[in-house]
Amino acid sequence: MKIAVIGRGLIGGSLAKAALRAGHEAVAFDKGDDFKVEEADIVFVAVPPSAVVGVVDSIACRLREGAIVVDMTGVKGFVYEALKKYVFSKRFTFVGGHPMAGKEVSGWANSSPDLFDGASMILVPYPSCGRLVLDRLEKLFRELGFARTVFTDPEHHDEMIAFTSQLCHLVSSAYVRDELSSGHSGYSAGSFRDMVRVGAPDPDIWTELFMLNRDALKPVLARYIGRLEDFLEALEAGDSARLHRALEQGVIAKGKICS
């Protein structure tokens, strides 16, 4: 299979390298390149969110008949709406995608063919998308190392990603900026490392992601702040019973997701 990857960052580079590892033909293009997609069976668009629509528009008329285009953006609602104009294209099929894998570092140099091994691939197809296309993508993603493919709609995707990814980055960013963090040496262990691991996301990319997904992110963040305020109020009131209840609720919630 001939695969073109537009974007030579961590995700794009890893897609290209994973495709080569699986025995496919793969080439990755950077911004400013002439995207040679005319012979590609699959085109992965792995660029910052604000660039996705422009890239797809620029290649749409040059794609071969039957080609499949999959974007890798971490927010799906705005892409889904902006590219609806291609739903009934006879030339190619567009499917929204989001690989659930990453690192704290970015760029081609940090990309690797095993980045997606065991990961989930989320796909957000239009209702008109045929099962043949989705079966073809599922097979390809297994070859690239993904353990499973999850199908959903853009609203559910964006709500879940607001909770499972974006909130984690916001919490870690806020945590690592505390005045005590610079003196952690000798006082920190696994809990500290876990909390700060995603505390330095790329400000350019993540500002875009947070703002594009703000309608889904705001209520998730507000609920989290409310739970923190519950702890603070219990401490201020010296209310051990209230604090104990809140901690118990956390134990029960974790037990449900870990069972």
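Note that the coordinates shown come from a computational prediction; the quantities given were computed from them, not determined experimentally.

> Describe helix 9 (residues 240–258), naming the residues involved and giving the relevant values.
If you check helix 9, its first and last C-alpha atoms are 27 Å apart, about what 19 residues at 1.5 Å a residue would give, namely 27 Å. N-capping of helix 9 is provided by D239, with a side-chain oxygen placed 3.3 Å from the backbone N of A241.

> Give a detailed account of the sheet that holds strand 5 (residues 92–100), specifying residues and quantitative values.
One open sheet holds the seven strands; their spatial order is 2-1-3-4-5-6-7, and the pairing between them is mixed. A single partner strand is all that each edge strand has here, and the edge strands are strand 2 (25–29) and strand 7 (148–151). The mean inter-strand angle of the sheet, taken between neighbouring strand axes irrespective of direction, is 25 degrees. Of the pairings in the sheet, the one linking strand 5 to strand 6 (residues 120–124) comprises five bridges and is antiparallel in character. Bridge pairing in strand 6 places G97 opposite L123. On the sheet, helix 5 (residues 154–176) packs against strand 5 and strand 6 and is oriented at approximately 140 degrees with respect to strand 6.

> Which residues make up the environment of A46, and what are the values?
Counting through the fold element by element, A46 comes out in the loop between strand 3 (42–45) and helix 2 (52–59). Put simply, A46 and L15 are 31 residues apart on the chain and 9.0 Å apart in space, counted from C-alpha to C-alpha. Look past the residues within four positions of A46 in its chain and what remains in contact with it is I6, G7, I11, G12 and M72.

> Could you give me a rundown of the nonpolar core, with the residues and numbers involved?
Judged by nonpolar contacts, the single largest core of 29 residues is most densely connected at L15, F44, V70, M72, L137, F141 and L144. Broken down by secondary-structure element, the contributors of at least two residues to this core are strand 1 (2–6), helix 1 (10–21), strand 3, strand 4 (67–71), strand 6 and helix 4 (131–143). Looking at this core element by element, the count peaks at six residues for helix 1. Residues in contact with L144, not counting those within four places in the same chain, are L15, A18, A19, R21, F44, P113, F116 and D117.

> Go over the pattern of salt bridges with me, naming the residues and quoting the values.
Per the stated rule, a full pass over the model turns up 13 salt bridges. A salt bridge links R62 to E38; the shortest N-O distance between them is 2.9 Å. Here E38 lies in the loop between strand 2 and strand 3 and R62 lies in the loop between helix 2 and strand 4, a separation of 24 residues in the sequence. Take R62: its relative accessible area is 25%, and that puts it in the partly exposed class. Given the relative accessible area of 37%, E38 is considered partly exposed. Via salt bridges that share partners, R131, D135 and E138 belong to a single interconnected network.

> Quick one: what's the story with the pairing of strand 5, residue by residue and with numbers?
Taken across its nine residues, strand 5 has seven buried, putting it largely inside the fold. Alignment of strand 4 against strand 5, held across five bridges, turns out to be parallel. If you follow A67 over to strand 5, its bridge partner there is F92. On the question of chirality, the crossover connecting strand 4 to the parallel strand 5 by way of helix 3 (residues 77–82) is right-handed.

Criteria and thresholds
Residues numbered from 1 in each chain as written. Predicted model: local features only at pLDDT ≥ 70, side-chain atom pairs only at ≥ 80, totals over all residues. Heavy atoms only, no water. Helix = DSSP H or I, 4+ residues; strand = E, 2+ residues; numbered from the N terminus. Expected span 1.5 Å × (residues − 1). Polar contact = N/O pair within 3.5 Å; in protein donor to acceptor, adjacent residues only side chain to side chain. Pairing = 2+ DSSP bridges. Axes fitted to C-alpha atoms, helices over the stretch in contact; angles between N-to-C directions. Contact = heavy atoms within 4.5 Å. Core = buried A, V, L, I, M, F, W, Y, C linked by side-chain atoms within 4.5 Å. Buried < 20%, exposed > 50% of the residue type's maximum accessible area, 1.4 Å probe, protein only. Salt bridge = Lys/Arg side-chain N within 4 Å of Asp/Glu carboxyl O. Right-handed = clockwise from strand over helix to strand, strands pointing away.

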